[in-house]
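Working through the structure, step by step
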Amino acid sequence: MRAAGAGGAPGPLVHPGTARLDPLRLLQAPASLGLSLLGQLDRLGEGVARRYAAHEAALPPKRRISASSGLLLTSAVAVAGLSVLGAVESGTGANQWATAPVADVSLAAATPPATRHQARSLPTVEERLVILTGGMTGHPGWPEFVDSRQIELPAHAKVVLTITSFDDGTAPLPKNVQFYDKVSGTVGGSETFDGKRLSSVSNAEVAHTFTVPGIGLNLVVPAATASKSGAITPAVVTASFVTAKSGSFTWQCYAPCGTGKNGEGGPMETPGYMTGKVVIG
C-alpha cells in the first residue's frame, strides 16, 4: 500500500531434439531473459485473444465462453503464473524473472545488455520522463508519468533516459514482485541516482519502476524528498540502454502506487499514467 508524504551466457533453454524447456537451465538464465519471456507471454496472450474473437462468431452458442467465464479463466492463469514465479524465487533465491514456458520453445537466451564499448558505436538519443503526483495534477491518488501513453524511440540506438520524479510517497513492492527492485537491461547493468551508480534500490525506498518486459528493461525510481516546509527535491534517475530491435512493447510501473485496497488499480492500469507503450522503429 502506498505510504504518505554477469556471468557467462546460459546454454540452450530446450533439450536438443525435444520441445520441452530445461527447468535447470531456465533457473540459471539471467534476469533479462525472464523479462523477455514475460514480454513474449504478454504478446502470446494478446494473440490468443484475437484468434478467439475472430472465430467466436462461427461457434455454436453453447460452445462459446461467456465474458464472466473468460475473466475467471484468465484470473486463474494469472494466479498460477504468479505462484510458479514465487516458487522459483523462493526455491532459488535468484533469477526471479524466470517464468513459465511460452509457445515458442525455440526461444534463445536474451541478448545481454550492451557493454559501454558497444554502446559507444551507436547514435545517441536522449529521452526524459517526469513523474507528478495526483495532487499536482488535480487527480488525487493518480501519480502520472507525463506524456507516456506512447513513447517513441529509434531502433539500434543508445538511449539515455532520465526520469525526474516529484513523488515523495513510497510504494514498496509486494513479496511476489520484489525482484523489480533490481536494475536490468541497462548499459553496465546499473542506473545513476544522487550521483551514485546503483544496481538495485532498497524496497522500502521504491516509489515507482519503469519496466519494459519485451526488451528486458527495468529501472527503479526512489521516492523524492520533502522538506518540513513541503518543498520537494525530486528524485532523478538516469540510465542508458540499447534499442536492439524494433517493435511495440508495453511498459509498466510494478510498484503498487495506484488506487484500491492493494494500490494496483486506477493509474496502474490506465495508459499514460503507470502503463503505456514503447514503440521502437
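What counts, and where the lines are drawn
- Residues numbered from 1 in each chain as written.
- Predicted model: local features only at pLDDT ≥ 70, side-chain atom pairs only at ≥ 80, totals over all residues.
- Heavy atoms only, no water.
- Helix = DSSP H or I, 4+ residues; strand = E, 2+ residues; numbered from the N terminus.
- Buried < 20%, exposed > 50% of the residue type's maximum accessible area, 1.4 Å probe, protein only.
- Areas by Shrake-Rupley, 256 points an atom, 1.4 Å probe, with all protein chains shown as cover.
- Pairing = 2+ DSSP bridges.
- Core = buried A, V, L, I, M, F, W, Y, C linked by side-chain atoms within 4.5 Å.
- Contact = heavy atoms within 4.5 Å.
- 1 Å grid on protein atoms, 1.4 Å probe; cavity = no way out; pocket = protein on both sides within 12 Å on 5 of 7 lines; lining within 4 Å.
- Points joined across faces, edges and corners; volume = space filled by probe spheres on them.
- Nonpolar A, V, L, I, M, F, W, Y, C, P; charged D, E, K, R; others polar.
- Phe/Tyr/Trp six-rings, centres within 6.5 Å; stacked < 30°, edge-to-face > 60°.
- Polar contact = N/O pair within 3.5 Å; in protein donor to acceptor, adjacent residues only side chain to side chain.
- Salt bridge = Lys/Arg side-chain N within 4 Å of Asp/Glu carboxyl O.
- pLDDT = per-residue confidence, 0-100.

Notes on the overall build of the protein
Within the protein one finds 5 helices and 13 strands. Across the 281 residues of the protein, 39% fall into the buried class. Element-wise, carbon and sulfur atoms account for 58% of the exposed surface of the protein, whose accessible area totals about 14700 Å².

Concerning the sheet that holds strand β4 (residues 158–165)
Strand order in the open sheet made by the 6 strands is β2-β1-β4-β11-β5-β6, with mixed pairing throughout. Looking at the sheet topology across the chains shown, the edges are occupied by β2 (144–145) and β6 (196–198). Pairing of strand β1 (residues 124–132) with β4, which is carried by 8 bridges, proceeds in the parallel orientation. Looking at the pairing, Arg128 lines up with Thr162 of β4.

Some details on the nonpolar core
As a rule of thumb, soluble globular proteins bury nonpolar side chains together. Ranked by internal contacts, the top residues of the largest apolar core, which has 34 residues, are Phe145, Ile163, Phe210, Leu219 and Val278. Those elements that place two or more of their residues in this core are β1, β3 (150–153), β4, β7 (206–212), β8 (217–222), β11 (235–242), β12 (247–252) and β13 (275–280). Residue contributions to this core peak at 4 residues, all from β8. Setting aside its immediate chain neighbours within four residues, Ile163 contacts Leu129, Ile131, Phe145, Phe210, Leu219, Val221, Ala235, Val236 and Val237.

Focus: empty space enclosed by the protein
In this structure, the largest cavity spans a volume of roughly 60 Å³. Where the lining of the largest cavity is concerned, the elements lending two or more residues are β1, β3, β4 and β7. Across the lining of the largest cavity, the residue classes break down as 10 nonpolar, no polar and 1 charged.

Considering the packing of aromatic side chains
Tallied over the entire structure, the rule returns 6 aromatic pairs. Taken together, a centroid distance of 4.6 Å and an interplanar angle of 50° make the contact between Phe179 and Tyr180 tilted. Judged on exposure class, the residue Phe179 and its partner Tyr180 are both buried.

So, the environment of Thr209
In this fold, Thr209 is placed in strand β7. On the basis of relative accessible area, Thr209 is assigned to the buried category, the value being 0%. Non-local contacts of Thr209, meaning those with residues more than four positions away in its chain, are made with Phe145, Leu173, Tyr180, Asn218, Leu219, Gln252, Cys253, Tyr254 and Ala255. Here the side chain of Thr209 touches Thr211 through a polar contact of 2.9 Å, side chain to side chain. Among the polar contacts listed, one links the side chain of Thr209 to the backbone nitrogen of Tyr254, at a separation of 2.9 Å.

Quick word on unusual backbone geometry
When glycine is set aside, most residues are seen to have a negative phi, and most peptide bonds are trans. Positive phi is not limited to glycine here, since Asp147 has a value of about 50°. Assignment of secondary structure puts Asp147 in the loop between β2 and β3.

Structural notes on the pattern of salt bridges
Inspection of the entire model under this criterion finds 2 salt bridges. Between Glu126 and Arg128 there is a salt bridge whose closest N-O contact spans 3.8 Å. An identical accessibility class is assigned to Glu126 and Arg128; each is exposed. Residue Asp181 is joined to Lys182 by a salt bridge in which the shortest nitrogen-to-oxygen separation is 3.4 Å.

Brief notes about the side chain of Thr133
Examined against the element boundaries, Thr133 turns out to sit in the loop between β1 and α5 (134–137). When sequence neighbours within four positions are dropped, the list of residues in contact with Thr133 reads Trp142, Pro143, Phe166 and Asp167.

Some points on the confidence of the model for the protein
Put simply, the protein has an average pLDDT of 75, and 58% of its residues get 70 or more. For residues 4–33, every residue scores under 50 in pLDDT, and the model assigns this stretch 45 contacts once sequence neighbours within four places are set aside. This stretch, residues 81–111, has a pLDDT under 50; its non-local contacts, to residues over four places away or in other chains, come to 57 contacts.

Points about the pairing of β13
The sheet contact formed by β3 and β13 spans 4 bridges and is parallel. When the sheet's bridge partners are listed, Ile151 is paired in β13 with Val278. Here β12 pairs with β13 via 6 bridges, running antiparallel. For Gly247, the partnering residue across the bridge sits in β13 and is Ile280.

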